[in-house]
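Fold and contact review
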Amino acid sequence: LLARFHRMRGRPTLWLPGTDHAGIATQLLVERAITAEGLSRVDMGREKFLDRVWQWKEDNGGAICSQMRRLGASADWSREKFTLDDDMSTAVTEAFVRLHEKGLVYRGSRMVNWSPNLGTAVSDLEVEFVEREGLLYYFKYEVEGGGYLPVATSRPETILGDTAVCVNPDDDRYKDYVGKQCIVPMT
């Protein structure tokens, strides 16, 4: 609406239309289709799976822009872009390299939302967060030389697999436990 409004008032206006690859959503839809055929992405192999993804994009990728055209969107459709077009991919790579060189983009350790079905991390925008009432279980890990270290968990079944217990070495309550061995409860 704003592009049409300003153009009709005689202002030089450009609405450059484009679509995102919607990678995870596309992968999910393609995987559903091949699962219905009794296959999996792993069974198909990377190249054949990518061929199916590109075919899906070819068949369905223009739906949003087609709807926008029918609604009369005042865009320069002759210059439409797609994020995985060669020139766009090159521009994105260049932008990320420059941002990385300036220290504005970096790789760090942080929590991610992992999808076991997709085998990849997904955005917070693609996750439905659900709060649930649960239980918190408390255990005492016996520490060598005497004493106990309290540990709380909502997943007590994982305790038998514990291989380390961490404490903040700057916390006076736990400084005496730094570097000591613990005994896993119930073993």
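For the structure, check the block above.
In this report, the structure presented in the accompanying data block is examined. None of the values given here were measured: they were computed from a predicted structure. (Residues numbered from 1 in each chain as written. Predicted model: local features only at pLDDT ≥ 70, side-chain atom pairs only at ≥ 80, totals over all residues. Heavy atoms only, no water.)

**Focus: the pattern of salt bridges**
The condition is simple: Here a salt bridge means any side-chain nitrogen of Lys or Arg lying within 4 Å of a carboxyl oxygen belonging to Asp or Glu. Numbering of helices and strands runs from the N terminus, with a helix taken as a DSSP run of H or I at least four residues long and a strand as a DSSP run of E at least two residues long. The rule is simple: take the accessible area with a 1.4 Å probe, protein chains only, and divide by the maximum for that residue type; under 20% is buried, over 50% is exposed, in between is partly exposed.
Counted under the stated rule, the structure contains 9 salt bridges. A salt bridge links Glu31 to Arg41; the shortest N-O distance between them is 2.8 Å. With Glu31 in helix H2 (residues 23-36) and Arg41 in helix H3 (residues 41-44), this residue pair connects regions lying 10 residues apart in the sequence. Here Glu31 falls in the buried class, since its relative accessible area comes to 13%. Residue class for Arg41 comes out partly exposed when judged on its relative accessible area of 26%. A salt bridge links Glu37 to Arg52; the shortest N-O distance between them is 2.9 Å.

**Here we look at the packing of aromatic side chains**
To be explicit about the condition: Here a Phe, Tyr or Trp ring, Trp counted by its six-membered ring, pairs with any other such ring whose centre lies within 6.5 Å, and the pair is stacked when the planes are under 30 degrees apart, edge-to-face when over 60, and tilted otherwise. By the criterion adopted, a ring carries a charge over it if an Arg CZ or a Lys NZ lies within 6 Å of its centre and within 35 degrees of its normal.
In the structure shown here, the tally under the stated rule is 1 aromatic pair. Taken together, a centroid distance of 6.1 Å and an interplanar angle of 80° make the contact between Trp54 and Phe82 edge-to-face. On the criterion of sequence distance, the pair formed by Trp54 in helix H4 (residues 46-60) and Phe82 in strand S2 (residues 81-82) is long-range, its members being 28 residues apart. A cation over an aromatic ring shows up here: Lys57 above the ring of Phe82, its NZ or CZ 4.2 Å from the ring centre. The ring of Tyr148 has Lys140 lying over it, and the distance from NZ or CZ to the ring centre is 5.8 Å.

**Details of the nonpolar core**
A general tendency of soluble globular proteins is for nonpolar side chains to be buried together. What counts here: Nine residue types can take part in a nonpolar core, namely buried Ala, Val, Leu, Ile, Met, Phe, Trp, Tyr and Cys, and a core is a set of them joined through side-chain atoms within 4.5 Å. Contacts: residue pairs with any heavy atoms within 4.5 Å of one another.
Listed in full, the 6 residues of the largest apolar core are Phe139, Tyr141, Val143, Leu149, Ile159 and Val184. Per element, the largest residue contribution to this core is 3 residues, and it comes from strand S5 (residues 137-143). Apart from the residues within four sequence positions on either side, Ile159 is in contact with Phe139, Tyr141, Thr153, Val184, Pro185 and Met186. Membership of the second largest hydrophobic core comes to 5 residues, among which are Ile34, Met44, Phe49 and Val53.

**Focus on the pairing of S5**
What counts here: The pairing criterion is simple: DSSP has to find at least two bridges between the two strands.
As paired elements, S5 and strand S6 (residues 148-153) share 6 bridges and run antiparallel to each other. Across the sheet, residue Tyr141 finds its bridge partner in S6, namely Leu149. Count of turn residues in the S5/S6 antiparallel hairpin: 4 residues, of which Gly145 carries a positive phi of about 85°. Both S5 and strand S7 (residues 182-183) contribute to a ladder of 2 bridges, which runs antiparallel. Along S7, the bridge assignment pairs Val143 with Cys182.

**Digging into the environment of Arg110**
Summarising the element assignment, Arg110 is placed in the loop between helix H6 (86-101) and strand S3 (113-115). Arg110 sits in the exposed class, given a relative accessible area of 67%.

**Points about the sheet that holds S5**
The sheet built from 3 strands is open, its strands ordered S6-S5-S7 with antiparallel pairing. Of all strands in the sheet, those with a lone pairing partner are S6 and S7, marking the two edges.

**A look at the environment of Glu80**
In plain terms, the rule: Polar contact criterion, stated in full: a pair of N or O atoms within 3.5 Å, where within protein one must be able to donate a hydrogen and the other to accept it, and residues adjacent in sequence count only if both atoms are side-chain atoms.
Relative to the assigned elements, Glu80 resides in the loop between helix H5 (63-70) and S2. For the pair Glu80 and Thr187, spaced 107 residues apart in the sequence, the C-alpha separation amounts to 64 Å. Setting aside residues no more than four positions away along its own chain, Glu80 makes contact with Pro17, Cys65 and Arg69. Side chain to side chain, Glu80 and Arg69 meet in a polar contact 3.3 Å long.

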